[in-house]
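Structural description and commentary
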Amino acid sequence: MMAIRDWKIGIRLGLAFGLMIVLMLMVFVAAWVGARTVDQHVRASDAITDVAFAAEKWTALTRQ
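Presented here is a report on the structure given in the accompanying data block. (Residues numbered from 1 in each chain as written. Predicted model: local features only at pLDDT ≥ 70, side-chain atom pairs only at ≥ 80, totals over all residues. Heavy atoms only, no water.)

Thoughts on the overall build of the protein
Basically, it comes down to this: Numbered from the N terminus, helices here are DSSP runs of H or I no shorter than four residues, and strands are runs of E no shorter than two. Radius of gyration means the value over C-alpha atoms here, while the globule rule gives 2.2 Å times the residue count to the 0.38 power. The classification of residues rests on relative accessible area computed with a 1.4 Å probe and restricted to protein chains. Under 20% of the type maximum is buried, over 50% is exposed, and intermediate values are partly exposed.
When its secondary structure is counted, the protein shows one helix and zero strands. Its C-alpha atoms give the protein a radius of gyration of 27 Å, more than 25% over the compact-globule value 11 Å for 64 residues. C-alpha atoms of the protein, sized along the principal axes, occupy 85 × 20 × 10 Å. Split into buried and exposed, the 64 residues of the protein put 0% on the buried side.

Some points on the pattern of salt bridges
Short version of the rule: Salt bridge, as used here: a side-chain nitrogen of Lys or Arg that lies within 4 Å of a carboxyl oxygen of Asp or Glu.
Scanning the entire structure with this criterion turns up one salt bridge. A salt bridge links Asp39 to Arg43; the nearest nitrogen and oxygen atoms lie 3.0 Å apart. Here Arg43 and Asp39 lie together in helix α1 (residues 9-62), a separation of four residues that amounts to about one turn. Judged by its relative accessible area of 35%, Asp39 is partly exposed. Taking the relative accessible area as the measure of exposure, Arg43 reaches 58% and is therefore exposed.

Remarks on a nonpolar patch on the surface
The cut-off we apply is this: Surface patches are drawn from residues lacking salt bridges whose relative accessible area is over 30%; two like charges belong together within 9 Å, two nonpolar side chains (Val, Leu, Ile, Met, Phe, Trp, Tyr) within 5 Å. Per-residue and other accessible areas follow the Shrake-Rupley method at a 1.4 Å probe size, with only the shown protein chains counted as cover for residues.
Together, Leu19, Met20, Val22, Leu23 and Met26 make up an exposed nonpolar region whose accessible area comes to about 480 Å². With respect to the secondary-structure elements, Leu23 resides in helix α1.

Focus: the environment of Ala35
Examined against the element boundaries, Ala35 turns out to sit in helix α1. What makes Ala35 partly exposed here is its relative accessible area of 46%. Residues Ala35 and Leu61 lie 26 residues apart in sequence; the distance between their C-alpha atoms is 39 Å.

A few points about the environment of Phe53
Mapped onto the elements of the fold, Phe53 is located in helix α1. Expressed as a C-alpha distance, the spacing of Phe53 and His41, which sit twelve residues apart in the sequence, is 18 Å.

Below is the structure:
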């Protein structure tokens, strides 16, 4: 079996570059999933706020 130090420099650089691309893709996917999760929570919060606003408006109208 060949040791890594016996490989040509081009192969070592190519593998290192490929590894960096894979790691960057993993970070990108993790950030994208996180952003989608935050967006879902914001939408749910907006929906709750809309319901609360409608309830306050209804309360104000029915007291008159």
